[in-house]
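Below are the chains, spelled out letter by letter.
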Amino acid sequence: MFFNSLWWTACNKPNKPEVNHHQRRIEYIRKIPGESNPIPIKTAQQGEVLIAYSDCYTCHKEDKDSVGPAFKAIAERYPAQPVYIDLLAQKVISGGKGSWGNASMSAHPKVSMAEARLMVSYILSLKGDSIK
Ligand code: HEC
């Protein structure tokens, strides 16, 4: 009985702030303009295997946003150019937040820069027309 009334008061505060259950993707997430270089199919395949053996799929899905953005959304946002591949590879290794929202990507200190570049190349290959 005591717990019941405690629960009632805790959950029925008159001025409880509205919780936004429909958090939408923030406007500042914009596609970066630029041409994409073709990604060799071997590179994409190696990256796909590395991703499958790492923990990436606990937070990412290919088509849908999860804890992290959908891999296809990442592919749409960044041109497949060395500068962006390096930037994203570094981010996979060091982790962090702020590019897509407030959720954090864990750091992956055991992933080498070369492996991270392959993983990112696979992700960016999901753009559709970029595999050669
Ligand atoms: C603990 C959850 C989690 C794991 C595990 C995870 N990610 Fe992420 N990832 C995120 C989140 C959250 C973001 C968005 C970060 C941000 O907003 O800056 C993200 C963003 C990214 C981005 C885009 C970064 C940017 O700045 O736009 C790439 C690329 C990426 N992840 C690849 C990977 C790869 C590859 C792995 C596996 C090695 C991985 N992630 C594992 C949660 C995760």
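Every value quoted in this text rests on a predicted model; they were computed, and no experiment measured them.

Criteria and thresholds
- Residues numbered from 1 in each chain as written.
- Predicted model: local features only at pLDDT ≥ 70, side-chain atom pairs only at ≥ 80, totals over all residues.
- Heavy atoms only, no water.
- Donors = N, O, S within 2.8 Å, 3.2 Å for Na, K, Ca; no water.
- Tetrahedral: all angles 85-135°; square planar, octahedral: opposite > 155°, others 65-115°.
- Helix = DSSP H or I, 4+ residues; strand = E, 2+ residues; numbered from the N terminus.
- Buried < 20%, exposed > 50% of the residue type's maximum accessible area, 1.4 Å probe, protein only.
- Phe/Tyr/Trp six-rings, centres within 6.5 Å; stacked < 30°, edge-to-face > 60°.
- Lys NZ or Arg CZ within 6 Å of the ring centre and 35° of its normal.
- Near = heavy atom within 4 Å.
- Polar contact = N/O pair within 3.5 Å; in protein donor to acceptor, adjacent residues only side chain to side chain.
- Nonpolar A, V, L, I, M, F, W, Y, C, P; charged D, E, K, R; others polar.
- UniProt positions renumbered as here; feature names shortened; annotations may be inferred.
- Contact = heavy atoms within 4.5 Å.
- Lys, Arg positive; Asp, Glu negative; His and termini not counted.
- Salt bridge = Lys/Arg side-chain N within 4 Å of Asp/Glu carboxyl O.
- Core = buried A, V, L, I, M, F, W, Y, C linked by side-chain atoms within 4.5 Å.

**Student:** It is not clear to me how the coordination of the iron atom of the ligand should be interpreted in this structure. Could you clarify?
**Tutor:** Protein-derived coordination of the iron atom of the ligand comes from His60 (NE2) and Met105 (SD), at a distance range of 2.0 to 2.2 Å. Angles of 84 to 179 degrees at the metal separate the six donor atoms of the iron atom of the ligand, which places the site in the octahedral class. With a gap of 45 residues between them, His60 in the loop between helix H2 (41-53) and helix H3 (71-77) and Met105 in the loop between helix H4 (82-94) and helix H5 (113-125) connect regions that are remote in the sequence. Overall, His60 belongs to the buried group, its relative accessible area being 10%. A relative accessible area of 26% means that Met105 is categorised as partly exposed.

**Student:** What should I look at first to understand the packing of aromatic side chains in this one?
**Tutor:** Between two aromatic rings, the relevant description is the distance of the centres plus the angle of the planes. Going through the model one piece at a time under the given rule, you end up with two aromatic pairs. Ring centres of Tyr78 and Tyr84 lie 6.2 Å apart, and the angle between their planes is 50 degrees; on these two criteria the pair is classed as tilted. Judged by its relative accessible area of 6%, Tyr78 is buried. A cation over a ring is seen here: Arg77 above Trp100, with NZ or CZ 4.6 Å from the ring centre.

**Student:** Help me out: how do you make sense of the site of the ligand in this one?
**Tutor:** In the vicinity of the ligand there are 27 residues, among which Cys56, Cys59, His60, Tyr78 and Met105 approach most closely. Between a nitrogen atom of the ligand and a side-chain N or O atom of His60, the distance comes to 2.8 Å. Here an oxygen atom of the ligand sits 2.6 Å away from a polar atom, N or O, in the side chain of Lys91. Among the elements of the structure, H4 and H5 are those that each provide at least two residues to the shell around the ligand. Sort the elements by how many residues they give to the shell around the ligand and H4 lands first, with three residues. In terms of residue class, the shell around the ligand is built from 13 nonpolar, eleven polar and three charged.

**Student:** I keep staring at the UniProt feature "binding site: heme c" (unreviewed entry) in the protein chain and nothing clicks. Help me out?
**Tutor:** The sites that carry the UniProt feature "binding site: heme c" (unreviewed entry) are, in the present numbering, Cys56, His60 and Met105. In summary, the annotated positions, though distributed over 50 residues, converge in three dimensions, the widest C-alpha pair being only 10.0 Å. With respect to the helices, strands and loops of the structure, Cys56 is situated in the loop between H2 and H3. On the accessibility criterion, Cys56 (12% relative accessible area) is buried. In contact with Cys56, other than residues within four places in its own chain, are Ile51 and Phe71. Apart from the residues lying within four places of it in its own chain, the contact partners of Met105 are His60, Lys91, Val92, Gly95 and Gly96.

**Student:** Is there a simple way to explain the side chain of Lys127 in this structure?
**Tutor:** Along the chain, the position of Lys127 falls in the segment after H5. Buried within the structure, Lys127 lacks any salt-bridge partner; its nearest side chain of opposite charge belongs to Glu76, at an N-O separation of 6.0 Å. In this structure the side chain of Lys127 is engaged in a polar contact, spanning 2.2 Å, whose partner is the backbone oxygen of Ala75. Among residues more than four places away in sequence, those in contact with Lys127 are Ser36, Ala75, Glu76, Tyr78, Pro79 and Ala80.

**Student:** Quick question: what am I supposed to make of the nonpolar core here?
**Tutor:** Side chains of nonpolar character tend, in soluble globular proteins, to be buried together. Ranked by size, the top nonpolar core spans 24 residues in total, and within it Ile51, Phe71, Ile74, Val120 and Leu124 carry the most contacts. Those elements that place two or more of their residues in this core are H2, H3, H4 and H5. Per-element accounting of this core gives the leading share, six residues, to H5.

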